[in-house]
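# What the coordinates show
Below are the chains, spelled out letter by letter.
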Amino acid sequence: MSDVFINYRTGDEESAATLIARELIRRFGREHVFFASDSIELGRRFPAELAGAAEKCDALIAVIGPRWAEVRGPDGRPALEAEQDWTRREIRTALDRGVLVIPVLVGKATRIDRVALPEDLRELADCQYKRFDHRNDDADLAVLGNTLARQLPELGKVDRDAPAARDRAETKSRKGSAKDAGHTRMRTRDVEQRVRGGIGNLNGDLGTFITEPQGPVNTGTGPQYNAPHFEGDNTGVQFTAGDNSGTVHQRFERERRYSDDGR
């Protein structure tokens with residue numbers, strides 16, 4: 001079932017009808033808006049589809065441009081004068097059913113002249129209309145959507161622009177941001193723990209760092225011990241902090257004495 005039927009005349013402001021249909025579909029969902037060129041599946045019988053949708057809708061938007069009453073039919077006469085004209089039949093069905101009918105006057109379209117209408121459409125002139133200007137389309141579309149959401153409660157429940165819907169979207173966004181921030185805090189805490197633990201590597205950019213070693217420490221290409229000797233080619237840069245009990249100093253002193261004695 002389509003809640004809103006978009007009625008328009010081919011040859012008169014199809015572009016405005018398309019804009020209105022797209023906006024209402026965005027706000028309320030495709031299943032709640034009937035727009036002939038978009039809603040009728042390929043191969044379906046359009047007379048039955050049009051009649052059925054007009055019989056079931058809760059509101060009809062009659063898009064009326066400057067040429068609405070002037071477009072000619074196959075016989076050369078104004079199409080509006082023909083009883084089987086689909087634009088006329090859809091509006092007549094909605095008026096007979098007593099559902100909400102909103103005329104939308106586009107551009108330079110003037111106020112509907114009751115006398116100029118076929119007798120079965122004259123009630124259309126009594127319906128409060130909405131003007132639509134392409135230069136102000138965002139605001140005009142918003143007013144139209146808000147009116148439908150307010151007057152059709154079931155449609156208002158699925159309105160994506162309703163305050164409740166916006167609040168849900170904002171809450172979801174905040175939860176996502178909080179989750180990302182939590183992950184960042186966890187990563188930061190992990191790095192801090194690694195630093196306090198005494199050894200780590202910052203993506204290879206700052207090299208290996210060692211703080212307050214309490215046991216054997218080895219960096220570079222050969223073994224290094226906190227004992228009275230060094231072995232291997234420790235060509236890398238070593239930094240040792242903490243209490244190494246003077247053992248490294250003792251080894252260096254012995255080597256210096258051997259050199260001085262010529263041995």
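Even without glycine at this site, E13 takes up a positive phi of about 60°. Structurally, the position occupied by E13 is in the loop between β1 (4-7) and α1 (14-28). Residue class for E13 comes out partly exposed when judged on its relative accessible area of 21%.

On to the side chain of K130. Following the sequence through the fold, K130 ends up in strand β5 (residues 130-132). Of the polar contacts made by the side chain of K130, one reaches the side chain of D140; its length is 3.1 Å. K130 has contacts with P103, V104, L105, D140 and V143, leaving out every residue within four places of it along the chain.

The next thing to look at is the pairing of strand β4 (residues 100-106). β4 sits mainly inside the fold: 6 of its 7 residues count as buried. Note: strand β3 (residues 59-64) against β4, 6 bridges, orientation parallel. Within the sheet, the bridge partner assigned to I64 lies in β4 and is L105. Handedness of the β3-helix α4 (residues 86-97)-β4 crossover: right-handed. Bridge analysis of β4 against β5 gives 3 bridges, and the strand direction is parallel. Each residue of the ladder has a partner; that of V106, found in β5, is F132.

Strands sit in the order β2-β1-β3-β4-β5 across an open sheet of 5 strands; the sheet is parallel. This sheet does not close on itself; its edge strands, each paired only once, are β2 (33-34) and β5. Strand contacts of α4: β1, β3 and β4, with the helix running at about 145° to β1, the strand carrying the most contacts.

What counts and how
- Residues numbered from 1 in each chain as written.
- Predicted model: local features only at pLDDT ≥ 70, side-chain atom pairs only at ≥ 80, totals over all residues.
- Heavy atoms only, no water.
- Helix = DSSP H or I, 4+ residues; strand = E, 2+ residues; numbered from the N terminus.
- Buried < 20%, exposed > 50% of the residue type's maximum accessible area, 1.4 Å probe, protein only.
- Polar contact = N/O pair within 3.5 Å; in protein donor to acceptor, adjacent residues only side chain to side chain.
- Contact = heavy atoms within 4.5 Å.
- Pairing = 2+ DSSP bridges.
- Right-handed = clockwise from strand over helix to strand, strands pointing away.
- Axes fitted to C-alpha atoms, helices over the stretch in contact; angles between N-to-C directions.

Nothing here speaks to function; it is all geometry.
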